[in-house]
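Spelled out from the first residue to the last, the chains are:
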Amino acid sequence: MIDLGQTGQVFGEHGIGKTATFFSHIARCHPDTELVFVPAANLTPDDLLANAPVRDADSGELVLRQLVMRQLRPGRRFVLLLDDSLQAGESIQSQLMQIACNWTLGEFDLRELGCVGVFLTDNESLAETAARRSDLAILDRMVTVRITANDTAWRTELSARFPEWDLRPLFRLWAAQSPAVRELLSPRTLEHILAQAREGFPLVWGLPLINGERLRLADPGRGDDGKPHPSRTNEILDRIAAALGVRNPSQIPDPVRQVVRAALRNRWTVLLQGPPGCGKTEIVRQLVREELGREPLYYSMPVTNVEDLCAPVPTPDGSLDNLLAAHFTGDRPKAIVWDEYNRPKDKAAFAKLMEITQEWSLAGQRIAGLRAQIALQNPPYHLGRKLQVARNNIAQATRFTASLVVDPADIPANEWLIDRYGAVAETVLEWWKNDIDEDGRAWMTKRTLERLIKLHGKGLPLRIGTVYLGDGEYAPVPLTALEERLEHRPVTGLRELAEDPEGWEQRLRRAAEHSIEGTNDSDLVHQAISNAELSQLRRHQQLIARLVAWLPPKLRSTYLVGASDEHQRFWIETFALMPRQPRQPVADSVTR
């Protein structure tokens, strides 16, 4: 098409390497030609062409002239690639069709600027695009090619990116799937799954979250029994792990910290989805500060405008350049946190910001020093109520290297509360862990617990700090037990155990002599230790070493199961401090 001077239109499924093929081919076969990449789905009308007052060189007067984006004036031969043009808005569609049909934009002839080829790449699925190209006057001006995953060199590229594995068994496994499953398990998604395998993470994290739900690897439609085809997600992921010779863990300790650190280490884009108020934002910001030594670039999507990030300005050579916000410039390492990612201010703002998450660029300019992007969002439904969040499609969802569904237990917000509010926080958390059921804990988010702590400190009613549902109704969680705890009702926690260590050791000794299974006293101490945070455990390590020596071995073993590295280190140290106990009489009697 470059030699013929024809506009080329390339259709293909998402994630098969259409764009990457252009970059590699132009660089290899046309080294004197630059590829000008325009992510059309993320454009606003002023990004391509704008009218601006400039001073006329002959008369010296201010005149109104059209200015074209600087990327279209690179100063040498270039090929123009318009990506995802069918996802663009109506105004952009008109500008793009002028380019595609006539190779002109406004008053500019792109050939005179050095253009030697114009191509459009799109996915024609209506689930991923805003429109279909149906005007015969436009279609009659293009050469159109429809490609599949078998027409790009994604296998070679993946093999080069993951040289530690022989990927041929994986490619054979992929080829053996049905066409529908292969389309879901696109090469881009396979790359993300391989990235998770390299880090030892659950492979399911490589599958995207579409409208809050994990992508199911299943054939569409229904079987002969009239039921939907069953999901084969676990089966396929386990077979991928077997082909690579790696484990596919269902979960890992401390997942949020691990994935954020991996993102900063590997230059990933990560999506964390979790319920409101569980502490997602705070832990991510804290981790970025710890790893980079500076604050992340934080943006809350409901109030973020395109103008906050960049603005088009005229330049002396008659081009239209984009001026980036100051914090996007410079080579210092930086990370972006996109909060409330699925609550954008409007579609135009979201489309523009998608350029950053998809291409790691802004207005066509690479963001120097960008190490990671972490997007945070809420699920569409929580506690049976619909949240006001936007929808996405599979092409957008697969831009994230890792997509996690975060449980509140995955975030160490309890430690943060204890560090900040001390003994009162410990009391509130003991109530949260022991006195209310799972539904109650879902209503009492860590954000809500912090409000309750503050209200208690001022002597105000606790009820007003819970979620208000309207018509005088608050979150359906009784607070009587919490109020009694705060009024020093007798309870048993680590603090209470530490007040009488000899007494509790004697009670556990008698329990061990009575039964190898222990007694209620054994269960009470075990529960107090199990519910304690790491900082509390460290504070009472000597006491815990004395007490756990008398607990049944099966209870002691639970402290290591599924524990984080820090917890495991603590327990290894604590078990080493345990005094050696004499043979328990009950064990001798059982033997006899």
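So, a few notes on the structure that sits alongside this text.

Reading the values: the criteria
Residues numbered from 1 in each chain as written. Predicted model: local features only at pLDDT ≥ 70, side-chain atom pairs only at ≥ 80, totals over all residues. Heavy atoms only, no water. Helix = DSSP H or I, 4+ residues; strand = E, 2+ residues; numbered from the N terminus. Buried < 20%, exposed > 50% of the residue type's maximum accessible area, 1.4 Å probe, protein only. Contact = heavy atoms within 4.5 Å. Areas by Shrake-Rupley, 256 points an atom, 1.4 Å probe, with all protein chains shown as cover. Lys, Arg positive; Asp, Glu negative; His and termini not counted. Charge placed at Lys NZ, Arg CZ, Asp CG, Glu CD. Pairing = 2+ DSSP bridges. Axes fitted to C-alpha atoms, helices over the stretch in contact; angles between N-to-C directions. Patch = residues over 30% accessible without salt bridge, like charges linked within 9 Å, V, L, I, M, F, W, Y side chains within 5 Å. Salt bridge = Lys/Arg side-chain N within 4 Å of Asp/Glu carboxyl O. 1 Å grid on protein atoms, 1.4 Å probe; cavity = no way out; pocket = protein on both sides within 12 Å on 5 of 7 lines; lining within 4 Å. Points joined across faces, edges and corners; volume = space filled by probe spheres on them. Nonpolar A, V, L, I, M, F, W, Y, C, P; charged D, E, K, R; others polar. Phe/Tyr/Trp six-rings, centres within 6.5 Å; stacked < 30°, edge-to-face > 60°. Lys NZ or Arg CZ within 6 Å of the ring centre and 35° of its normal. Polar contact = N/O pair within 3.5 Å; in protein donor to acceptor, adjacent residues only side chain to side chain.

## Describing the overall build of the protein
Helix and strand counts for the protein come out as 26 helices and 24 strands. Scored against the burial criterion, the 592 residues of the protein give a buried share of 49%. For the protein, the proportion of contacts with a sequence separation of at least 24, taken over those separated by at least 6, is 71%. For the protein, the accessible surface area stands at approximately 28900 Å², while carbon and sulfur atoms represent 49% of it. The averaged location of the 78 negative side-chain charges in the protein is 3 Å from the averaged location of its 71 positive side-chain charges.

## Some points on the environment of Ser-91
With respect to the helices, strands and loops of the structure, Ser-91 is situated in helix 3 (residues 90–102). C-alpha separation for the pair Ser-91 and Leu-43, spaced 48 residues apart in sequence, amounts to 9.8 Å.

## A short note on the sheet that holds strand 13 (residues 297–300)
Here five strands make up an open sheet; going across it, the order is 13-16-19-12-22 and the pairing parallel. Each end of this open sheet is capped by a strand with a single partner; those strands are strand 13 and strand 22 (402–405). Taken pair by pair, the neighbouring strands of this sheet meet at an average axis angle of 15 degrees, ignoring direction. Inspection of the sheet shows strand 13 paired to strand 16 (residues 334–339) by four bridges, in the parallel sense. Looking across to strand 16, one finds that Tyr-299 is bridged to Trp-338.

## Describing a nonpolar patch on the surface
A cluster of nonpolar side chains, Met-1, Leu-4, Val-143 and Val-145, forms an exposed patch at the surface whose accessible area comes to about 320 Å². Here Met-1 is to be found in the segment before strand 1 (7–11). On the accessibility criterion, Met-1 (32% relative accessible area) is partly exposed.

## A closer look at the sheet that holds strand 15 (residues 319–324)
Taken in spatial order, the four strands make up an open sheet running 3-4-15-14, and their pairing is mixed. The open sheet has two edge strands, strand 3 (49–55) and strand 14 (310–314), and neither has a second partner. Neighbour to neighbour, the strand axes of the sheet diverge by 50 degrees on average, direction disregarded. Strand direction decides the pairing type here: strand 3 and strand 4 (residues 62–69), joined by seven bridges, are antiparallel. Bridged to Val-54 within strand 4 is Val-63.

## Considering empty space enclosed by the protein
Under the criterion given, the structure shown has two cavities of 30 Å³ or more. In this structure, the largest cavity spans a volume of roughly 90 Å³. The wall of the largest cavity is formed by Phe-37, Val-38, Pro-39, Leu-43, Asp-47, Met-69, Gln-71, Asn-322, Lys-352, Glu-355, Ala-363 and Gly-364. The set of elements that each furnish at least two residues to the lining of the largest cavity consists of strand 2 (34–39) and helix 12 (347–359). Counting residues per element, the lining of the largest cavity draws most heavily on strand 2, which supplies three residues. Classifying every residue of the lining of the largest cavity gives six nonpolar, three polar and three charged.

## A few points about the pattern of salt bridges
The full count for this structure, using the stated rule, is 22 salt bridges. Here Arg-257 makes a salt bridge to Asp-254, at a shortest N to O gap of 3.5 Å. Among the residues examined, Arg-257 registers a relative accessible area of 16% and is labelled buried. One salt bridge in this structure joins Arg-485 and Asp-435, with 2.8 Å as the shortest N-O distance. Separated by 50 residues along the polypeptide, Arg-485 in helix 18 (residues 480–486) and Asp-435 in the loop between helix 15 (423–434) and helix 16 (438–443) bring together distant segments of the chain. Overall, the relative accessible area of 9% leaves Arg-485 in the buried class. A relative accessible area of 30% places Asp-435 in the partly exposed class. Each of Arg-232, Glu-235 and Arg-239 takes part in one network of salt bridges that share partners.

## Digging into the packing of aromatic side chains
On inspection of all chains with the given rule, the structure shows 15 aromatic pairs. A centroid spacing of 6.0 Å and a plane angle of 0 degrees characterise the contact between Tyr-299 and Phe-328, whose relative ring orientation is stacked. Highlighted residues: Tyr-299 in strand 13 and Phe-328 in the loop between strand 15 and strand 16, separated in sequence by 29 residues. When sorted by exposure, Tyr-299 lands in the same class as Phe-328, which is buried. Each ring, one from Tyr-559 and one from Trp-571, has its centre 4.3 Å from the other, and the planes form 10 degrees; the classification is stacked. You can see Tyr-559 sitting in the loop between helix 24 (553–557) and helix 25 (565–577) and its partner Trp-571 sitting in helix 25, a full twelve residues away along the chain. You can call Tyr-559 buried: its relative accessible area is 7%. Owing to a relative accessible area of 2%, Trp-571 belongs among the buried residues under this scheme. An aromatic cluster is defined as three or more aromatic residues linked by ring pairs; in this entry it consists of Tyr-559, Phe-570, Trp-571 and Phe-575. Sitting over the face of the ring of Tyr-381, Lys-386 holds its NZ or CZ atom 6.0 Å from the ring centroid.

## Describing the layout of surface pockets
Its boundaries defined by the atoms lining it, the second largest pocket holds a volume of some 1400 Å³. Residue lining of the second largest pocket: 47 residues in total, with Ala-20, Arg-161, Arg-188, Glu-191 and Arg-399 positioned closest to the centre. Secondary-structure elements contributing two or more residues to the lining of the second largest pocket are helix 1 (18–29), helix 5 (154–161), helix 8 (187–199), helix 12 and helix 13 (394–397). Considering every element that reaches the lining of the second largest pocket, the biggest residue donor is helix 1, with eight residues. Counted by class, the lining of the second largest pocket contains 13 nonpolar, 18 polar and 16 charged residues.

## Things to note about the side chain of Gln-536
Turning to its location among the elements, Gln-536 is positioned in helix 22 (residues 534–539). Under the relative-accessibility criterion, Gln-536 is labelled buried at 9%. Within the local environment of Gln-536, its side chain forms a polar contact with the side chain of Glu-426, the two groups lying 3.2 Å apart. For Gln-536, the contacting residues outside a window of four places in its chain are Ile-418, Glu-426 and Leu-494.

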